[in-house]
Every structure is written in structure tokens, then in C-alpha cells.
Amino acid sequence: MDQDRKKLISNEQAKLTATYVNGIAIAIFAVGCLAPMIAAGGTIDDFDPGLATGPCTSGSTPPGPRL
């Protein structure tokens, strides 16, 4: 019985740690990615990391359909 209780406590501590780390990751993403884009007046449609379509040059439209 005591071993089962310790395992449950350990599982709950792991869940709380994962939730904490997830919150930190979301905050870092918001500050590092979303805030500069919002401050520049852009939208999510303007964001192109250059991975799928290659680097965008000024005034060009990435190839492919725009959704």
C-alpha cells in the first residue's frame, strides 16, 4: 500500500513539473516570437520562417496557394 502511494505521489509531481515547464515554454514563445511580430504590425499570414518556401524577398509572394 505504501509503495502504491509513493508511486502516485511521484506521478503527480511529474505532472506538475511538466505543466510548469510547459507554461515557461509558452511564455518564452510569446515573448520571443509573437511579441516582435505584433509590435511590427504583422499578422500570422506574413510570417515565413523560410523553411518550406525559401527566404522571402521584399515584395514577393511565396509560391503555392494562400489559405
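In the block above lies the structure referred to throughout.
Residues numbered from 1 in each chain as written. Predicted model: local features only at pLDDT ≥ 70, side-chain atom pairs only at ≥ 80, totals over all residues. Heavy atoms only, no water.

J.: Explain the overall build of the chain here, please?
T.: A tally of helices and strands in the chain yields 1 helix and 0 strands. Here the chain, with 67 residues, has 3% of them falling under the buried criterion. Accessible surface for the chain amounts to roughly 6,100 Å². Of this, 65% is attributable to carbon and sulfur atoms. (Helix = DSSP H or I, 4+ residues; strand = E, 2+ residues; numbered from the N terminus. Buried < 20%, exposed > 50% of the residue type's maximum accessible area, 1.4 Å probe, protein only. Areas by Shrake-Rupley, 256 points an atom, 1.4 Å probe, with all protein chains shown as cover.)

J.: In this structure, what is going on with the pattern of salt bridges? I would like to understand it.
T.: When their charged atoms lie close together, side chains carrying opposite charge are able to pair. In this structure the tally under the stated criterion is 2 salt bridges. Between Lys6 and Asp2 there is a salt bridge, with its nearest N and O atoms 3.9 Å apart. A residue pair is termed a helical-turn pair when its members lie 3 or 4 positions apart in one helix, as Lys6 and Asp2 do in helix H1 (residues 2–39) at 4 residues. Judged by its relative accessible area of 54%, Lys6 is exposed. With its nearest N and O atoms 3.3 Å apart, the salt bridge here joins Glu12 to Lys15. (Salt bridge = Lys/Arg side-chain N within 4 Å of Asp/Glu carboxyl O.)

J.: Hey, could you run me through H1 in this one?
T.: The α-helix winds at 3.6 residues per turn, so residues separated by three or four positions along the chain end up facing the same way. The end-to-end C-alpha distance of H1, which contains 38 residues, comes to 54 Å, matching closely the 56 Å that a straight helix rising 1.5 Å per residue would cover. Phi turns positive one or two residues past the end of H1, at Gly41, with a value near 85°. (Expected span 1.5 Å × (residues − 1).)

J.: Sorry, what's going on with a nonpolar patch on the surface here?
T.: The grouping of Tyr20, Val21, Ile24 and Ile28 at the surface amounts to a nonpolar patch, some 430 Å² of accessible area in total. Position of Ile24 relative to the elements: it lies in helix H1. Judged by relative accessible area, Ile24 falls into the partly exposed class, the value being 39%. (Patch = residues over 30% accessible without salt bridge, like charges linked within 9 Å, V, L, I, M, F, W, Y side chains within 5 Å.)

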